[in-house]
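Listed below are the residues making up each chain.
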Amino acid sequence: MPATVSVRQPGPAWAEGLRRALPITLGYVPVGFAFGVLAVKNGIPAGLAVAMAVLMFSGSGQFVFASLWGGGAGILSTAAAVGIVNLRYLLMSAAESPWLSRISRVRRFLLGLGLTDETFAVHITALQEGWPLNTATMYICNSTTHLSWVTGCTIGAFCGNLVNDVRPLGLDYAITAMFLALLVPQCASRLHVLIAIFTGALSVALKAGGMSQWNVAVATVAGATLGLVLSLRQKRAGPEDAA
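Rules of the game
- Residues numbered from 1 in each chain as written.
- Predicted model: local features only at pLDDT ≥ 70, side-chain atom pairs only at ≥ 80, totals over all residues.
- Heavy atoms only, no water.
- Helix = DSSP H or I, 4+ residues; strand = E, 2+ residues; numbered from the N terminus.
- Buried < 20%, exposed > 50% of the residue type's maximum accessible area, 1.4 Å probe, protein only.
- Contact = heavy atoms within 4.5 Å.
- Areas by Shrake-Rupley, 256 points an atom, 1.4 Å probe, with all protein chains shown as cover.
- Expected span 1.5 Å × (residues − 1).
- Polar contact = N/O pair within 3.5 Å; in protein donor to acceptor, adjacent residues only side chain to side chain.
- Phe/Tyr/Trp six-rings, centres within 6.5 Å; stacked < 30°, edge-to-face > 60°.
- Salt bridge = Lys/Arg side-chain N within 4 Å of Asp/Glu carboxyl O.
- Core = buried A, V, L, I, M, F, W, Y, C linked by side-chain atoms within 4.5 Å.
- Patch = residues over 30% accessible without salt bridge, like charges linked within 9 Å, V, L, I, M, F, W, Y side chains within 5 Å.

Caption draft 1: Focus on the overall build of the protein chain. A tally of helices and strands in the protein chain yields 12 helices and 0 strands. In sequence order, the protein chain lays out its α and β elements as α-α-α-α-α-α-α-α-α-α-α-α. Among the 243 residues that make up the protein chain, the fraction classed as buried is 38%. The contacts in the protein chain between residues at least 6 apart in sequence include a share of 78% that link residues at least 24 apart. Within the structure as shown, the protein chain displays about 13,400 Å² of accessible surface, and the carbon and sulfur contribution to it stands at 68%.

So this is what it looks like as structure tokens:
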């Protein structure tokens, strides 16, 4: 549910949007560069790699696409895999809906175009802490991060032939580190920590058990369901029982 405590947002909307975008852009540029390199090395034309960054704007989806393309997978299986990986955006949209339901559908659609794991994290955290809904701030943040992602992908796609392997540079770990940096501040209670550990462990277990591409989506749905059940139980319980 939306926070009931209102906190005054300091500074103009554009400044707050850039402030939210700054840590994300620091991760997007190197990760985008890594994707551009991987895409070219898997036979994807540089122009198509850049077009994917502009139109798809999904890091995990683009990496899955590049890997399957390089492995010779068919169009239908590639599209299905990318769609499965991106199912988590439905859950993110549902989480934001209590706040965004008050604005027009057109504005919600435009905000949805910039929805990623990272922009969702910074926006939902601000809203939960009681910051007022400011669509200009969200647009500026989304646009800035999208530009940084396209910039990184473009540099990697057209200069990727200068890099033989991105692993010595640590770029293959950049997206994992960015997710961890966004996860930690959101673990504000023992319930959040429990759900994060459960979901991560389940995803790893499913992957180790041979599940391909579905592990993230299945673990996310299971973790969200468990979190909802435990949250409802806490609300029904008295103060002593909840403690």
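Having put the structure on the table, let's press on.
Caption draft 2: Molecular detail of helix 8 (residues 135-159). Helix length check: helix 8 (25 residues) gives 36 Å between terminal C-alpha atoms against 36 Å at 1.5 Å per residue, within 8%. Capping the start of helix 8, Asn134 holds a side-chain oxygen 3.0 Å from the backbone nitrogen of Ala136, two or three residues further along.

Caption draft 3: Main features of the packing of aromatic side chains. One pass over the full model with this rule turns up 4 aromatic pairs. Centre to centre, the rings of Tyr28 and Trp149 are 5.5 Å apart; their planes meet at 70 degrees, and the pair counts as edge-to-face. Of this pair, Tyr28 sits in helix 1 (residues 13-41) while Trp149 sits in helix 8, and the two are 121 residues apart along the sequence. Overall, Tyr28 belongs to the buried group, its relative accessible area being 4%.

Caption draft 4: Looking closely at the side chain of Thr116. Of note, Thr116 is situated in the loop between helix 6 (105-113) and helix 7 (117-128). Only 2.8 Å separates the side chain of Thr116 from the side chain of Tyr28, close enough to count as a polar contact. With sequence-adjacent residues up to four places away left out, Thr116 is seen in contact with Tyr28, Phe57, Tyr89 and Met92.

Caption draft 5: Region of interest: the pattern of salt bridges. The full count for this structure, using the stated rule, is 2 salt bridges. The residue Arg19 makes a salt bridge to Glu16 at a minimum N-O spacing of 2.8 Å. In this pair, Arg19 and Glu16 both sit in helix 1, 3 residues apart, roughly one turn of the helix. Linking Glu16 and Arg20 is a salt bridge whose minimum nitrogen-to-oxygen distance equals 2.9 Å. With a gap of 4 residues between them, Glu16 and Arg20 both fall in helix 1, about one helical turn apart. Each member of the pair, Glu16 as well as Arg20, is classed as buried.

Caption draft 6: Representation of the nonpolar core within the structure. Core analysis: the largest hydrophobic core is formed by 25 residues, its most contacted members being Phe35, Ile44, Ala49 and Trp149. If you list the elements that add at least two residues to this core, you get helix 1, helix 2 (46-55), helix 3 (59-70), helix 4 (75-85) and helix 8. When residues of this core are assigned to their parent elements, the largest contribution, 6 residues, is made by helix 1. Tyr89, Leu115, Ile124 and Leu127 belong to the second-largest nonpolar core, a separate cluster that totals 7 residues.

Caption draft 7: Region of interest: a nonpolar patch on the surface. On the surface, Leu87, Leu90, Trp214 and Val218 cluster together into a nonpolar patch covering about 380 Å² of accessible area. The topology assignment puts Leu90 in helix 5 (residues 88-100). For Leu90, a relative accessible area of 60% translates into the label exposed.

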